[in-house]
Number of protein chains: 2
Amino acid sequence: MTPTHIVSIYDEELKYLTRRISEMGGTAEQMVGDSVRALVNTDTALAQKVISEDVILDNAERQINEKAIITIAKRQPMAADLREIMGAIRIAAELERVGDLGKNNAKRVIAIQSLGMPRALARGLEHLAELALTQLKEVLDVYATRDTDKAKEIRERDDEIDAIFTSLFRELLTYMMEDPRNITPCTHLLFCAKNIERIGDHATNIAETIYYMATGTPPEGERPKDDHTTSVGAE
Amino acid sequence: MTPTHIVSIYDEELKYLTRRISEMGGTAEQMVGDSVRALVNTDTALAQKVISEDVILDNAERQINEKAIITIAKRQPMAADLREIMGAIRIAAELERVGDLGKNNAKRVIAIQSLGMPRALARGLEHLAELALTQLKEVLDVYATRDTDKAKEIRERDDEIDAIFTSLFRELLTYMMEDPRNITPCTHLLFCAKNIERIGDHATNIAETIYYMATGTPPEGERPKDDHTTSVGAE
């Protein structure tokens, strides 16, 4: 076996990780999009599909971890290659959590079915989900291209999602105050909106990881991770 | 430099990781305990202290990651030692998230200050937090002892937290329905309770990681990660 041969098997292993991460990303995107459609249309069959798909991401994460650890043990990679593998583990964990959040939203569809969701709320949720899905889609593109400028740009855009989330949060509180019958379904919608906001956070975490993988240093400047709703009612 | 000498430096590096993880665990425990006390007594000064401490865990996680990656690159560990280092990275990430959740609860103290929290709710939150803190404390003990039976036991105990969380969730909804003025503060308390429930989840994740570190296989049997409140209102 020549060294070239070893390197080429090693490249295959790195390519396997990249391919599996991209697949996980595709599944996560699909699950999040479907969960929001299920929510907005109170489509329990679609919700059930999302719930059943979560196991795909759980298995993929486990397989990526196993492959990553075996690759480290066998190939003993240094510097950039080691960062590549550690990054794959980290991104797989983020995508697995995105799937969990999509599943959690899907599970709430049955509970909020009775609401007959007001159009304004549905639109707000859709808008929030569109932004989060755009973040997720673009960050997966950046994973393929390793465009660090773009990774930084995505990281800075998290504020927009927070602003929409805060306005939706206030809108939901208003509905709850108007009619006590709205309280239970709107509580579920609050958690759904929070889940979508967290999906945006995971996309931003992935952008940071890609930046680190490519450069060896974390991106500069603090990113406030909390949303702005923690102080609603205090002003 | 003799091989013995190399091994001893390597042991020092593993010990460094173990020590830093234990320190992170201590800080996370303290933050969670303080955040609940701040919440129950609407103590904004204590809340501010928790918020300011979050950076300690952020920095510790970054330093553990850096040390872990350097150790892998330099020492090229196999099997158990590699799992030990990968586990440290994973546990550091879980503890950093526990700190985030404590901080998020602390940030809500100011918003709910106006409520004058009903005793029954405070007691429910305290009970939930006690259970989550016990999980966290015991899992950190297991990290020191590597007692895999105990790790399995902790993992199975997550159900108790879910049951308390569900009953608190229902109680909060009742308060909101009784008086619209309770809606905003109780919404914050809902998120606080959810955060504490998630702290229990992180403790359980750490238990699973310790089991894997010690045995090389994940613990058997599915663990349902969602709480049981997603269907409240659907029955």
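Residues numbered from 1 in each chain as written. Chains lettered and ligands numbered in written order. Predicted model: local features only at pLDDT ≥ 70, side-chain atom pairs only at ≥ 80, totals over all residues. Heavy atoms only, no water.

Quick rundown of helix α4 (residues 119-145) of chain B? Include the residues and the values.
Spanning 27 residues, α4 of chain B covers 38 Å between terminal C-alpha atoms, matching the ideal 39 Å at 1.5 Å per step. Just past α4 of chain B, the residue R146 of chain B takes up positive phi, approximately 55 degrees. (Helix = DSSP H or I, 4+ residues; strand = E, 2+ residues; numbered from the N terminus. Expected span 1.5 Å × (residues − 1).)

Which residues make up the pattern of salt bridges, and what values go with them?
Going through the model one piece at a time under the given rule, you end up with 38 salt bridges over all chains. Across the pair K49 of chain B and E53 of chain B runs a salt bridge whose closest N-O atoms are separated by 3.1 Å. In this pair, K49 of chain B and E53 of chain B both sit in helix α2 (residues 44-75), four residues apart, roughly one turn of the helix. By relative accessible area, K49 of chain B is classed as partly exposed at 34%. Under the relative-accessibility criterion, E53 of chain B is labelled buried at 16%. Among the charged side chains, a network of salt bridges with common partners joins D34, R37, K49 and E53 of chain A. (Salt bridge = Lys/Arg side-chain N within 4 Å of Asp/Glu carboxyl O. Buried < 20%, exposed > 50% of the residue type's maximum accessible area, 1.4 Å probe, protein only.)

Can you explain the interface of chain B and chain A? Please cite residues and give values.
Listed by partner, the interface residues are 46 residues for chain B and 46 residues for chain A. Taken together, both faces of the contact between chain B and chain A bury some 4,100 Å²; the carbon and sulfur share is 60%. Viewed at the interface, chain A and chain B are joined by four salt bridges. A salt bridge links E94 of chain B to R97 of chain A, with the shortest nitrogen-to-oxygen separation between them at 3.8 Å. Taken together, chain B and chain A are joined by two residue pairs in polar contact (both at pLDDT 80 or more). Among the secondary structure elements, those contributing two or more residues to the side of chain B that touches chain A are α2, α3 (79-112), α6 (158-178) and α7 (183-215) of chain B. Ranked by the residues each element gives to the side of chain B that touches chain A, the list is headed by α3 of chain B, at 13 residues. The class makeup of the residues in the side of chain B that touches chain A is 22 nonpolar, ten polar and 14 charged. (Contact = heavy atoms within 4.5 Å. Buried area = accessible area lost by both parts, 1.4 Å probe. Polar contact = N/O pair within 3.5 Å; in protein donor to acceptor, adjacent residues only side chain to side chain. Nonpolar A, V, L, I, M, F, W, Y, C, P; charged D, E, K, R; others polar.)

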